[in-house]
Structures are given as C-alpha cells and as structure tokens.
Amino acid sequence: MIKALPIHIQQVVKTYGRIHALDHVDLEIKSGEFLTLLGPSGSGKTTLLMVLAGFTRPDSGSVRFGDREVIRTPPHKRDVGMVFQNYALFPHMTVAGNIGFPLRLRGVQKDDIHQRVEHALSTVQLDGLGDRRIDQLSGGQKQRVALARAIVFEPRILLMDEPLSALDKKLRDHMQIELRRLHEKLGITTVYVTHDQREALTMSDRVAVINHGRLIQCDSPRTIYDYPASPFVANFIGESTLIPVKRSNGNVVLDGQVLKVSGAVPDGRCSLMLRPERLTILPDRRNPDYNVFPGVVEEVVFQGESFVAYAVLESGTHVSMRGISQRETVASLPSRGKAVLLGLHWEETVLIPEANEDAPG
Amino acid sequence: MADALNARELRQDEWREKLAMFGLSLPALVLVFAIIVVPVGWLFWLSLFNDEGVLSLSNYTRMFDSKSYTRIFITTFKVSILTTVFCVLISYPFSYFLSQLPKRWAAIGLFTVLLPFWTSLLVRTYAWLVVLQRKGLVNEWGIELGLWDQPLKLAHNLNGTLVGMVHIMLPFMVLPLYASMRAINADYVKAASNLGANPTRAFWLVFFPLSLPGLLAGMVVVFVLCLGFFVTPAVLGGGKVIMVSMKIETLIDLFFNFGTASALGVVLMILTLAVLFLAHRLLRLDKILGERGA
Ligand SMILES: Nc1ncnc2c1ncn2[C@@H]1O[C@H](COP(=O)(O)OP(=O)(O)OP(=O)(O)O)[C@@H](O)[C@H]1O
Ligand SMILES: [Mg+2]
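Worth saying up front: this structure is predicted, and the values here are computed from it rather than measured.

S.K.: Which residues make up the overall build of chain B, and what values go with them?
M.R.: The helix and strand inventory of chain B stands at 12 helices and zero strands. What you see in chain B, going N to C, is helices and strands ordered as α-α-α-α-α-α-α-α-α-α-α-α. Overall, the C-alpha framework of chain B stretches about 95 × 70 × 35 Å when taken along its three principal axes. Looking at chain B as a whole, 36% of its 294 residues are labelled buried. Contacts in chain B between residues at least 24 apart in sequence constitute 70% of all its contacts with a sequence separation of at least 6. Side chains of chain B give 23 positive and 16 negative charges; the mean places of these two sets differ by 8 Å.

Here it is as structure tokens:
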C-alpha cells in the first residue's frame, strides 16, 4: 500500500496580466482523499493542478505535501504522478518503455523495472501489451497506459487533468468506475480535474467548485448537490431555478405563501432553489409536508428514462419538473395548458444565500 | 448468370476514372521523362565512350586508377561532411531556441534565416570573399583590435569554403529542424520532468529523439546539396578546394572531355543515391531503436 500524503494549499495567487487565474486559493486535501476540482472553462482548474505539479509558478502562496513545502521545488523533484489530458505518452517508446521511464530515471535495476512494469500493466488490465507501440493503442488503452505510468513509481499524490474527456461516453462511464476502484485499492491522494459535474459527483470524496480562480465551495458530492453554498454552485451542479424570496416576521415568503424550510435560514437576501427532480405533481393542497406552487403547464417533453414538464408559476417564473417514465407518474401527467400544483417537500426546500462572491473580477 | 445490381456500370465508372487520372498526369510524366530521365540516360551513354569515341569503361577505370580523382572525391565528401556538421551545430540550438519562442517572435527569427534566400547565391559568396579575404573586414578588425597581428588565411582555402557553404546551407537545416521541433508537444517534456527527469535528461531522453526525424532530414538535404555544390567552393576555395562539380566544369570547359565529365557525374549520382539510401535505412533504424524504448 502506498503511503498517501495530505496537500495543504494556502493563499495561492496566480495572475496572467489582469486575469486572476487563481485568486487566494485555500484548500486542504486529506491524505488518501479523492478530490475533484470542478468549474467552468477558464476557471483555473488546470492552473491549480499545474501549480501542484510544479509547471506553473504562482505569484504567491504556499503548497505543502505533508510537511514538505514544495512551492519552489522543480517538477522533477516533486514525486507526484500525473495523467495529462492528452496522455502525453512518448511516441518513440513502447508501452513498456513509457511505463518504465520513471523507474529508469530513478535508477531501478532492469529486472526490477520489468517486473514492476508488468505489475503496473496488470493493475490497469493491459497484461501483455508491453511491446505495443503507442500509436497502436485505442483511446481507452492509452488512458490506462498513462495511468500506469503515473502510478508505477508509487507517488504519494496523483494528479489528473480531465483524463477521460477524450473518450466516448460508454468508455468514460466505465473508466470512472475503474479509476474509483483503483483509487480505493491504492489509497493515493488524488486531485482530479473535470468540468463534467456528473463525473465529479460520481467519483469524488469531495468536490471543490472553482469559478474565476476562486474556491467557491468544497464539500462532499451530496452536500454540494443538496446544499449549494451559492447560486453559482446551484446552477453549475444539476439544474435549478432560483427564485428570490422575501422575509417577514422571521418567515420566508414566496408569492404570499410562507415556506416550510429545512435547516437554518441564511442571513441576508436569499433564493429558493427548485430542482426539477425534487418537484412532484400534487393532486391537492392537503399534504402539510409540501410547499405548493400552483402553475400552468406549458409543455411536456419525453426524454426516454424521464419526462420533463415545463410550467409557469403564478408569479411568472418558469420552472421545470422532472419525473421518471413510469406508469403511475405518466398517468398523472397534465396536458399542455392545464393548471397543476407543483409540490416541494419541506425537507428539500433549501434556501441559497445570494452571495456576491460569484461576481467576476 | 446476371451481374449484381449495377455492378457492370460501377466497374466501368472505375475504369473511366482511372483512365482520366492517367490522362491528366500524362503531361507531367512526359515532362519528367524529358527533363530528367533522358538527360541522365544520355550522360550515362556519353560516359561509356573513351577519348577516341570507342565504347569502353576507361572513363571509369581512370577514376579509380588516378590518385587525383580519389582526392577530389575525398575533398567533396570532406567539405560536405564538415558543412553538414557545422550546420547541425549552429542550427540545432538556434532552431531549439526559436521553437521555444512564441510563434510571432519565431517568425521573425525564421525570416532572418530566410532573408539570404532572396539574394543571389553569387552575390552572397562574393560578399563573404570581401569579408574574409586577406584585407577583408575580419582581418582588418582583428588586427586593429590586436587580436592577431598577421592577416589570417580565411579565404581562398577550406576555411572560406566552409564558412560560405555553411551560411548558404543553413536554411535547409533550420527549416526541417524547426518544423519538427515545433511539432513536439510541450506536454512530452512536461511529462518527462513530472516523471522525474531533470531538464538535461528530459532533453536527451525525450526532446532530442523526437526531433531526430527533422535533424536527419535536414542533414540529408544539406549533405546531398553540398555534394554537387559549385559556386561557393569555386569562389571561396581559391582553387585549393576542388570538388567533383568543379572538376566536371574544367573537364568540359577546358578539355571538352564529355566522356570523363559524364562518368564523374554518374559516379557522384550513384554516391548521392547511396547516401540517400543509407539515410533512409537510418531513419527507419531510428524508429526501430525508438520502439525498443532505448
Ligand atoms: N499561459 C497563460 N497565459 C495567459 N493566460 C493564461 C495562461 N494559462 C491560463 N491562462 C488563463 O487563466 C485562466 C484559467 O485557465 P485554466 O487553464 O486554469 O482554466 P481551466 O479551468 O483549466 O479551463 P478548461 O476547463 O477550459 O481547461 C483562463 O482565463 C486562462 O485564459
Ligand atoms: Mg483545463
């Protein structure tokens, strides 16, 4: 078992001209954790990963692997494994040559290299492919070779920059599970970059959401999804409609209706988060567990495993509601132009503080 | 038995297309034949007749008997090899530097290399003569600055020839080298250093092997061009550097000896082809070596 190391990132700043690629990022990554950096294009995910790998020199800040400050350590002395987005497998070497490369650099004996390369190959289920040329591999195989090369020298930290983005969906889903399994087996501290929210939620112990170079929220997938810390996170992860709410006498009011809310009500201005799959169609207003939003159906769209109903509330807000394609729910579907009662269970009624941290600049 | 649906028509279409393709390329084929195959064949034919116009191999045997011919071939190869070596030594670091620059800056650097291309070869060669001769710029400044007190022999010998040839051949080396270095994804070098290679090892183990195709291509082009070079050694060599092409010129101009001249040409061509063949094998060898992960 590889001994993993925690990563402490403190106040890391990186600017390109006037762009803040990283804006005072603080992040504690636990030993053996699978942490995903998630954010839109240009948010600074790659930059942060490159700072960890040592390829980008930040303006200021501190990065520690365990107790060791590495902010000034050149990449070749950092001992972190890395899977590049395009794999960066050396085309002038065989698969075995690639995987053995880090061992060769570390002066490992030839026999030993051979043995460890074979072992790494079987770890990624590519037994017997050692003699292949790189251009004779499929995308998925390249991905595995890159992974084998990154772990063969038993680094205590593994970095991956969108390693699955070049694969088709089926293979990507499969590799997600496999990477996760491998992580459990090796127990190596892993920082994973993606802009695919589903991938982030599927694979991670924790997800760090980044926008405009700033860390917005870092929590477990469930917490990120159920209790987003800001409108940006709510919108970026999953679908949601945010409706501003009013306060009166300590109550939260929407369209004149007092909302039953789960958890604490945040200070300051906030919005109600409506996720399509959390809404249900109610026959009447009798169930006290539900907040009820009357509206009119605009359209119903069949999407295979689920259907989506688009409705407009009395306040004029457009919302969508998702239900699984199942006999009962389909039967209860209203048709276009009909009035509906959309219900949201109070436990799933979450208010999002309207923070200004999302503002660019 | 009846043909499959439309099979006959489709087969006809294919034939028609092939015929059209052949017809279209015919003029080019004729041209190539007329300006390359015919003259070379004619030269070869000429080389088979001795001074009395009798069919014999004497033109060739003379080449192997006479020491002066051997010396000419040795000089030719020596000049070509040295020029290639110096071109590599100058071009490699230069191209590497350019390849690491942003594209816009690199374009300026490339432009400076290509600039001489727009000047006549003869003018450039004579310009070097002006710079390198006994009372040329270099010598005057060197003596003025007290670096040396007797004029150095820079022109009218091998030195001058090499300086001129290297200068003229440089673009042929820089262009393929630069192109192949540009094509090397920066991630390869990054990956190497991530895997533990210090900058020197990352260069030798990853960057250099990946730049080899460009390097070998440049070397072959320069070497082959040098083998048949005439103007620069003629002007800057001062008669001391006699290459095959110059001998051919004297044979024809002075002695009107087409037979021997043709034989020289044929031998030079065969040697050139041999070099190309060797380079071809080498290029493949490099690939094979690479595949071993060596
Ligand atoms: N070398 C550079 N020079 C100038 N600006 C840069 C450089 N590298 C990154 N940036 C800028 O820094 C910001 C963050 O870039 P980064 O590559 O980290 O984004 P990302 O989150 O990885 O995006 P993506 O999902 O598209 O890969 C962007 O605005 C980008 O334009
Ligand atoms: Mg990126």
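S.K.: Lay out the domain arrangement of chain A with the relevant residues and their values.
M.R.: Interface size is often expressed as the accessible area that is lost when the parts come together. Residues and elements named next belong to chain A. Taken domain by domain, chain A consists of domain 1 (7-228) and domain 2 (239-353). Each of domain 1 and domain 2 has a C-alpha centre, and these two points are 39 Å apart. Facing the four residues of domain 1 at the interface are eight residues of domain 2. Taken together, the two surfaces of domain 1 and domain 2 that pack against each other cover about 520 Å², and 44% of this comes from carbon and sulfur. It is Tyr225, Tyr227 and Pro228 in domain 1 that bury the most area against domain 2; as a group they hold 79% of the surface buried on that side. Counting the contacts that link domain 1 with domain 2 gives one salt bridge. Taking the shortest distance from any N to any O, the salt bridge between Asp226 and Arg278 comes out at 3.2 Å.

Cut-off values and rules
- Residues numbered from 1 in each chain as written.
- Chains lettered and ligands numbered in written order.
- Predicted model: local features only at pLDDT ≥ 70, side-chain atom pairs only at ≥ 80, totals over all residues.
- Heavy atoms only, no water.
- Helix = DSSP H or I, 4+ residues; strand = E, 2+ residues; numbered from the N terminus.
- Buried < 20%, exposed > 50% of the residue type's maximum accessible area, 1.4 Å probe, protein only.
- Contact = heavy atoms within 4.5 Å.
- Lys, Arg positive; Asp, Glu negative; His and termini not counted.
- Charge placed at Lys NZ, Arg CZ, Asp CG, Glu CD.
- Domains from an automatic or database assignment.
- Buried area = accessible area lost by both parts, 1.4 Å probe.
- Salt bridge = Lys/Arg side-chain N within 4 Å of Asp/Glu carboxyl O.

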